[in-house]
Amino acid sequence: PGLLGAFAQSPNPDAAFLRFDQFLSRLPAGVQVFSLLYQNPPLLAFLAEVMGAAPRLADLIARHPGLLDAVLSADFFEAFPTREALERELRRALARARDHQDELDIARRWANERKFQIGVQLLRGTIDAVPAGAAFADIAEASIATLLDLVEKELARTHGRIPGGAAVVLGMGKLGGREMTPTSDLDLILIYEAPEGVEGSDGPRPLAVSTWYARLCQRLVTALTALTPEGRLYEVDMRLRPSGNAGPAASSFDSFRRYHAESAWTWEHMALTRARPVAGDASLAARVMEEIRRVLARPRDKERLVLDVAEMREKMAAAHPDVPQWEVKHRRGG
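Residues numbered from 1 in each chain as written. Predicted model: local features only at pLDDT ≥ 70, side-chain atom pairs only at ≥ 80, totals over all residues. Heavy atoms only, no water.

(A) Representation of the overall build of the chain. Scanning the chain from N- to C-terminus turns up 15 helices and five strands. Viewed in the frame of its principal axes, the chain has a C-alpha envelope of about 75 × 55 × 30 Å. Burial status across the chain gives 44% buried among its 334 residues. A fraction of 72% describes how many contacts in the chain between residues 6 or more apart in sequence connect residues 24 or more apart. (Helix = DSSP H or I, 4+ residues; strand = E, 2+ residues; numbered from the N terminus. Buried < 20%, exposed > 50% of the residue type's maximum accessible area, 1.4 Å probe, protein only. Contact = heavy atoms within 4.5 Å.)

(B) Quick look at unusual backbone geometry. In the Ramachandran plot, Arg178 falls in the positive-phi region, its phi being about 55° despite a non-glycine side chain. Positionally, Arg178 belongs in the loop between α10 (173-176) and β2 (186-193). Arg178 sits in the partly exposed class, given a relative accessible area of 31%. Look at Ser243: it is not a glycine, yet its phi comes out positive at around 70°.

(C) The arrangement of a negative patch on the surface in detail. On the surface, Asp69, Asp75, Glu78 and Glu113 cluster together into a patch of negative charge. Position of Glu78 among the secondary structure elements: in the loop between α6 (67-71) and α7 (83-94). Under the relative-accessibility criterion, Glu78 is labelled partly exposed at 46%. (Patch = residues over 30% accessible without salt bridge, like charges linked within 9 Å, V, L, I, M, F, W, Y side chains within 5 Å. Areas by Shrake-Rupley, 256 points an atom, 1.4 Å probe, with all protein chains shown as cover. Salt bridge = Lys/Arg side-chain N within 4 Å of Asp/Glu carboxyl O. Lys, Arg positive; Asp, Glu negative; His and termini not counted. Charge placed at Lys NZ, Arg CZ, Asp CG, Glu CD.)

(D) How the structure looks around the pairing of β2. Most of β2 is tucked away, with seven of its eight residues classed as buried. Bridge analysis of strand β1 (residues 166-172) against β2 gives seven bridges, and the strand direction is antiparallel. Within the sheet, the bridge partner assigned to Met172 lies in β2 and is Asp187. Sheet analysis places β2 next to strand β3 (residues 236-237), joined by two bridges and oriented parallel. In the sheet register, Leu186 faces β3, and the bridge partner there is Val236. Crossover connection from β2 via helix α11 (residues 209-225) to parallel β3: handedness right-handed. (Pairing = 2+ DSSP bridges. Right-handed = clockwise from strand over helix to strand, strands pointing away.)

See below:
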């Protein structure tokens, strides 16, 4: 009776009841969910609300029932932590990992819990879309920064490090603009620099500088995208790097600077308006951003610029000819 009463109060009782059935069918054997709900009536009301009004959140709970434990924590409905606090929290959680596979699973559980928290606060109206977009970006940033350190240590065990080398990860698109959604992928560029005269790493199996940073980039992407029992952390898109998919996985600072001075298309410069360092060496990040400002502030041929932008919009329209009403991104002006 308590279940039926709770679902009857949800925005869509029939849909809520069906989603709850799906939720139960996915639970591992031995999970005492009815006992938990019986002892926590507010949790039952919350679950009915999510099942009836938020299909994506309901699906997330169904795939990760442990998220219900997070709802019971004292700070679940409080103000969302800062970017720095999130990274400290994730690093503390990862310190308990037994191996690299365990690190990937812990990172995914942590991110799912924090994404779920934002989704619930959006559902409840505690926050609106703008701070939610920034909070989703903070989760992604903390994940990237932490995993970058982990994969660099893994790489160094076999191949050493580049003496005096530095790397920075640029977030582009919705990550760079701090307006992510629960399903946003990550547009990333990895830029590196090594001192003149340094030709490779200093480990037992040395690699050339460009190869070492390409491996670092590939390992970071794998750490973010690999499908584990806890799911996938993010989809990653590296096509905004110099020369796109035809270019190397990681770009040296000199080649990045030369490409945007001599070869980049207008749309690639437009993409740079949302570039933002999200992980890596602070000194190199500052110099990369100074170079981006220089690129964006240089004089333009206004007629050529208008034609380039119009051509880009035409290509986007051709790629999405029959856009549904609510696909705002791909509609005219989106």
